[in-house]
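Residue-level structure breakdown
For reference, the chains in residue letters:
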Amino acid sequence: MSFQNPVFIPGPTNMPEDVRKACDMPTIDHRSPLFGTILQPCLENVRKVMKSDSARIFIFPSTGTGGWETALSNTLSPGDTVLAARNGMFSHRWIDMCQRHGLGMHVVETPWGEGIPAARYEEILTADKEHKIKAVLATHNETATGVRSDIGAIRRAMDAAGHPAMLFVDGVSSIGSMDFRFDDWGVDVAVTGSQKGFMLPAGLAIVGFSERAVAASRTARLPRTFFDIADMGRGYAANAYPYTPAVGLMNGLKYSSGLLLEEGLEAVFARHHRIAEGVRRAVQAWGLQLCAADPSLYSDTVSAIRTPEGFDATSIVAHAAERYGVAFGTGLGEVAGKVFRIGHLGSLTDVMMLSGLATAEMCMADLGLEIRLGSGVAAAQEYYRSARAGALKAA
Ligand code: PLP
């Protein structure tokens, strides 16, 4: 008999059993009307999860990275300029993708652990009198550093500069877990994947396009075939795909997006915040620092925890897997070996999180860090108790 522990990586997340069952379905004819009973609720629910009344949703058999490519290739032309901040591994990879597509880049180098500097974006956009910049990229939640950037502030910066560029937001590790406001923030393309807030296996790129972004796709000249939203849109009109859809995953998405809406988005965000805050209390009790430079940047889906100078943070992740069968996330890129990450998104409870914190404590103690067993767990317990009691009183 082998027993499975929950994972504490920042995606793929743990899956509720009924979501897993929804993915496991018999083959259906994806060109029959039955497929429409899966596709249409997916599109409708995802639009609601992104908080939009009018976004066009497209779902590709792919991952978040394919969502980035969908955003770029459908809206831009060779030689167009894109503004982006590099403040972690995922913003770095999106910039790299732009460069490989022959786009001109205006990159704001930003220390890892900081958020996107909206004021700097405003200066650059104001100076771009000829409107050469066609798109502004923003990674809402940098999964590498546990940093949430203020997308509303970026929209305000763009408006203050009076600049017509489109706003593309990577919400891969925020959508469905943290507040994401497609309409309020004037987002033109939002990108996510199935394996984070939607609690599914990896395998779907999920994107939302504003009317402006759809209009831009009519004249955009970057080459695209698999990710062409025009082909996909024509398919959807007939409840079909231009190729074979990932029907099981989409049936899972219909179910899991329904679960999020049934719980209520604000309740989902509050749950993520509570669990995350417990982790942060534990980190403080351990005497360690988060990679995120300021509390206003703290992510509710992942915490990147700095270990003392000279200590290899990756050894915690390797040790946890080997000795206790528990998965944490390693540091990536610039912060490799300097941080380990605790993912706290998706299907997770306070009690599951406490087991993760207890495991992290055992690992750090095993590896010689000065951690008092139970110290972080107790801090999180206190927080969860008081947050639960407060919620009861408020109800
Ligand atoms: N963007 C962010 C913020 C991510 O966290 C990830 C993956 O973890 C990606 C993009 C890439 O997504 P995928 O691995 O689904 O291609």
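Residues numbered from 1 in each chain as written. Predicted model: local features only at pLDDT ≥ 70, side-chain atom pairs only at ≥ 80, totals over all residues.

**Thoughts on the sheet that holds strand 2 (residues 81-86)**
Using the following cut-off: Strands pair, by our definition, only if DSSP identifies at least two bridges between them. Working definition: helices are DSSP H or I runs of at least four residues, strands are E runs of at least two. Numbering for both runs from the N terminus. As a rule, the C-alpha atoms of each element are fitted with a line to give its axis, helices using only the stretch in contact, and angles between N-to-C directions run from 0 to 180 degrees. By the criterion used throughout, residues are in contact when their C-beta atoms, derived from the backbone, lie within 7 Å.
One open sheet accounts for seven strands, arranged 1-9-8-7-4-2-3; its pairing is mixed. Strands with a single pairing partner mark the edges of an open sheet, and in this sheet they are strand 1 (56-61) and strand 3 (104-109). This sheet shows a mean twist of 20 degrees between the axes of neighbouring strands, independent of strand direction. Pairing of strand 8 (residues 189-193) with strand 9 (residues 204-209) involves five bridges; the strand directions are antiparallel. What sits directly across from V191, in strand 9, is V207. Against the sheet, helix 3 (residues 64-75) engages strand 1, strand 4 (133-139), strand 7 (166-170), strand 8 and strand 9, with an angle of about 160 degrees to strand 8. Lying on the sheet, helix 4 (residues 89-100) is in contact with strand 2, strand 3, strand 4 and strand 7; it crosses strand 2 at an angle near 160 degrees.

**Concerning the sheet that holds strand 13 (residues 339-343)**
If you trace the four strands from one edge of the open sheet to the other, you get 10-11-13-12, paired in antiparallel fashion. Because the sheet does not close on itself, it has two edges, and the strands there are strand 10 (289-290) and strand 12 (329-330). One ladder, built from five bridges, connects strand 11 (residues 302-306) with strand 13; its direction is antiparallel. Across the sheet, residue S303 finds its bridge partner in strand 13, namely I342.

**Here's the deal with the confidence of the model for the chain**
To keep things clear, this is the line we draw: Across the chain, each position has a pLDDT score giving the predictor's confidence in that residue, from 0 to 100.
Of the residues in the chain, 100% have a pLDDT of 70 or more, and the chain-wide mean is 97. Reported confidences for the modelled complex are a pTM of 0.98 and an ipTM of 0.99.

**Comments concerning the nonpolar core**
Just so we agree on the cut-off: A set of buried residues drawn from Ala, Val, Leu, Ile, Met, Phe, Trp, Tyr and Cys, joined through C-beta atoms within 7 Å, is what defines a nonpolar core. Using C-beta atoms placed from the backbone, we call a residue buried if 20 or more other C-beta atoms fall within 10 Å of its own, exposed if 12 or fewer do, and partly exposed for counts in between. A domain assignment, automatic or from a database, supplies the domain bounds used here.
Core analysis: the largest hydrophobic core is formed by 121 residues, its most contacted members being V136, I154 and V189. No other element matches the seven residues that helix 10 (residues 265-285) contributes to this core. Split by domain, the residues of this core number at least three in each of domain 1 (17-262) and domain 2 (265-394). With residues up to four places along the chain from it excluded, the contact list for V189 reads A71, T75, M166, F168, V207, G208, F209 and A213.

**Observations concerning the pairing of strand 13**
Across the five residues that make up strand 13, a large majority, five, are buried. Every second residue of strand 13 is oriented toward a common face, with V339, R341 and G343 on one face and F340 and I342 on the other, all of them buried. As paired elements, strand 12 and strand 13 share two bridges and run antiparallel to each other. Each bridged residue has a counterpart across the sheet, and for T330 the counterpart in strand 13 is F340.

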